[in-house]
Amino acid sequence: MLKKYKIGIFLDRIYTSKKGSPEYYIVLRRMIIITMMILTTLPLAIMIMVNHFQYRSHLRNELLSPIITMANKTKHSFELLLEARLSTVRFIATAYTYEELKDAQNIKRILSVLKNEFGGFVDLGLIASNGILESYAGPYPLLGKNYTEQTSFQETQIKGKYVSNVFLGHRKFPHIVVAVQHLNDDGQTWILRATIDTDQFDTLIHSMGLESKSDAFLVDNQGVFQTNSKLYGDTLEKCPFDIPSNRFESHIFETEDPDGQKVLIASAGFSTANYTLVLVKPRSVVLQSWYALKTELFVVFVIGFALILLTIIQITNSLVRRLKESDEKREKVMDELQHSQKLSSIGRLAAGVAHEINNPLAIINEKAGLVNDLLDYSEAFTNQAKFRLLVSSILQSVDRCRTITHRLLGFAKRIDLKIEPMETNVVVKDVLGFLEREALYRKIDIRLKLYEELNTIDSDKGQIQQVLLNLLTNAFAAVEDGGVIRILTENFKVSGVKITVSDNGSGIPDDIIQHIFDPFFSTKKEKGTGLGLSISYGIIDKLGGTITVSSRVGQGSDFVITLPKTPEHSPEDEHEQNQD
Amino acid sequence: MSKTKIKILLIDDEEEFASTLAERLELRGYETRTAVCGEDGLNLLAGETFDIAVLDLMMPGMSGLETLRSIKSSTPDMPVVLLTGHGSTKEGMEGMRLGAFDYLMKPLDIKDLTLKILSAVGASDGKENE
């Protein structure tokens, strides 16, 4: 609930915070971390929970079955013990006749033999079918007592045998009574009844070898202790647990003992008597291995959680950082795009204006030229000198206008790129064809070294022509008549192209070379617009390439152009290569 | 050679420009005919022979380059000097590839033009003499 609420706040913040603001990235980071944490740790937690429950039920069965087995085994021992006592009494009843048992001497002798051979026998009595104790050997004066009303008598009459619950005898020792009914050949019935102390019970329980926190005892079906309990009370006290009195079956259940400790109770009902053997073990002892496993599971979960958290934070940090970088980059590109679009439309407008102005300008030029010519060819007249001055002024202005229109056209031209496959060597030759005549006039030696297997690149042929023309025009201007200009093409990196234009001209001084690509920087004064190299620089930059210059005064200059395979093809790499 | 006037065919859609330039060239001793479009120029060329053609590349209708192609197919030996209105080197270069002798940018300097005309005619004469 709290988490939901928090996510709501984050979403609000994301929507309200402006993209690009520091807040945005902080919130985004938190969002990603929380979402990823939920997505990754939830399955982990579910898996661990499922494992937890599965292991628990499995381990419980594994751990509990030995307890039940133990309870059953011990119960069996008890049953054997009781059965042995019953058999002994039954044997005596069968071996001796009623008359023999009625004899006080005989019965006393039998009791003493029983005491010696079996132990635990306290007394022995013969009860006639009318319920009167006919003969008795033992410490109590019971002879002649009528047993008709007693459960032991009634039950023995019905079932033929009887094992009583524990009771305290006259000397406050716990005892049980076993009784068997005997049927004579002549149809006479009588009952032989023996009292046995329960020391043997304690011995049996002791032999279970229970650890100190565990306990085992017998209870009857009323929940009364039949043996001493180490922890929960003595014989004939009420057992604090609710023991299921179902006979013949064993149960195991969990409950709390009077001290509030959680315990497991295994119970096994006797078939021969109203006893139930109860085994009490503290849960912590039984499930020790389970608790160890649980701790391990928990540790695994905590470590896993910590690792996931760490990894997610790391990943998210780098993710958000990259996102931020790419956002910034995109914004920059958008800005540049906007700027270039603005330039493009200005350029188109400028080109239109320049083109429209150029034609009338040409007419003015010719008309003024004609006036000048006429002045030359006509005879002297008044104000002739003044006319000449005026015309020359007009021609100068036309010249200025021409410079402006060329500048505008140059500006417009560097905007629109037309990318197509380009054979750089062919472009070089085209441009040279343009300048061949001037080279011829001035006897300039143009030396070509064009690499034959030059890469074909995607670029703007017209723009590259423009750039090469600019460079070559500059080179022509730099060299004396008879100078040397070298053009070298070669492959650049894997798929790019490198063009070097060298001259052995005047060279460029250091203070000028720094500004050589600046717009409106010109050394040609009136003649140049100061835009040639800056336009060239712009074009090459736009085409993803670089243009660099190195020069020595008096020895000449080298202009190096590199162009990538495509204008989009990692221009940064190539910039770095040629930065210096 | 020097006694006969050099005969120039001037093709430019700006009539004012063409006529004024023609007048200036005539003042300098050249014989000129002007045409205001490519078709006109070709018609004139069909009727008489010229030593050189001065051709504007930027014309409505039949473009300068088309006219150049026609001229080069009909009279391949006649040199052609191109004039281009805007600073496009592209058309200029295309023209050069098609066999134009040289090109000039408008507004032009009459001295440059006459220089080119003289060298063009000289070169073509030289070729003929070879």
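Above: the structure in question.
Rules and cut-offs
- Residues numbered from 1 in each chain as written.
- Chains lettered and ligands numbered in written order.
- Predicted model: local features only at pLDDT ≥ 70, side-chain atom pairs only at ≥ 80, totals over all residues.
- Heavy atoms only, no water.
- Helix = DSSP H or I, 4+ residues; strand = E, 2+ residues; numbered from the N terminus.
- Buried < 20%, exposed > 50% of the residue type's maximum accessible area, 1.4 Å probe, protein only.
- Contact = heavy atoms within 4.5 Å.
- Areas by Shrake-Rupley, 256 points an atom, 1.4 Å probe, with all protein chains shown as cover.
- Salt bridge = Lys/Arg side-chain N within 4 Å of Asp/Glu carboxyl O.
- Lys, Arg positive; Asp, Glu negative; His and termini not counted.
- Polar contact = N/O pair within 3.5 Å; in protein donor to acceptor, adjacent residues only side chain to side chain.
- Pairing = 2+ DSSP bridges.
- Core = buried A, V, L, I, M, F, W, Y, C linked by side-chain atoms within 4.5 Å.

Q: When you look at the overall build of chain B in this model, what are you seeing that I'm missing?
A: Helix and strand counts for chain B stand at 5 helices and 5 strands. Scanning chain B from its N terminus toward the C terminus, one meets helices and strands in the order β-α-β-α-β-α-β-α-β-α. For chain B, with 130 residues in total, the buried portion stands at 52%. Restricting the contact set of chain B to residue pairs at least 6 apart, pairs at least 24 apart contribute 63%. Total accessible area on chain B stands at roughly 5700 Å², and carbon and sulfur atoms take up 50% of it.

Q: Explain the pattern of salt bridges here, please?
A: A side chain of one charge can pair with a side chain of the opposite charge when the charged atoms of the two come close. If you walk through the whole model with that rule in mind, you get 22 salt bridges over all chains. The shortest N-O distance in the salt bridge between aspartate 399 of chain A and arginine 402 of chain A comes to 2.4 Å. In this pair, aspartate 399 of chain A and arginine 402 of chain A are both assigned in helix H9 (residues 384-413), 3 residues apart and thus about one turn of the helix distant. Classification of arginine 402 of chain A by relative accessible area gives partly exposed; the value is 21%. The closest approach of N and O atoms between arginine 97 of chain B and glutamate 94 of chain B, which form a salt bridge, is 3.0 Å. Placement of the pair is arginine 97 of chain B and glutamate 94 of chain B together in helix H4 (residues 89-97), with a separation of 3 residues, close to one helical turn. Its relative accessible area of 48% is what places arginine 97 of chain B among the partly exposed residues.

Q: I'm lost on the side chain of aspartate 220 of chain A in this one. Help?
A: Residue and element names in this part refer to chain A. Considering the arrangement of structural elements, one finds aspartate 220 in strand S7 (residues 215-220). This buried residue, aspartate 220, is left without a salt bridge; lysine 238 holds the nearest opposite charge, at 6.6 Å. A polar atom in the side chain of aspartate 220 sits 2.8 Å from the backbone nitrogen of glutamine 222. A polar contact is formed between the side chain of aspartate 220 and the side chain of glutamine 226, at a distance of 3.4 Å. Residues within four places of aspartate 220 in sequence aside, it is in contact with Asn165, Gln226 and Asn274.

Q: Help me understand the pairing of strand S10 (residues 275-282) of chain A, please; the structure alone is not making it clear to me.
A: Consecutive side chains of a regular strand alternate in pointing toward one face of the sheet and then the other. All names here are of chain A. Among the 8 residues in S10, 8 count as buried, and that is most of the element. Side chains of S10 alternate between two faces, with Tyr275, Leu277, Leu279 and Lys281 and Thr276, Val278, Val280 and Pro282 buried alike. Pairing of S7 with S10, which is carried by 6 bridges, proceeds in the antiparallel orientation. Residue pairing for S10: alanine 216 is matched across the bridge by leucine 279. Relative to S10, strand S9 (residues 262-269) runs antiparallel, the two being bridged by 7 bridges. Bridging from a neighbouring strand, valine 263 pairs with proline 282 of S10. Connecting S9 to the next strand, S10, in antiparallel fashion are 5 residues.

Q: Can you help me understand the nonpolar core in this one?
A: Soluble globular proteins: nonpolar side chains tend toward being buried together. Residue and element names in this part refer to chain A. Counting 57 residues, the largest nonpolar core has Leu468, Ile561 and Leu563 as its most contacted members. Counting residues per element, this core draws most heavily on helix H11 (residues 461-478), at 8 residues. Counting 49 residues, the second-largest nonpolar core is a separate cluster that includes Val166, Ile196, Met208 and Ala273.

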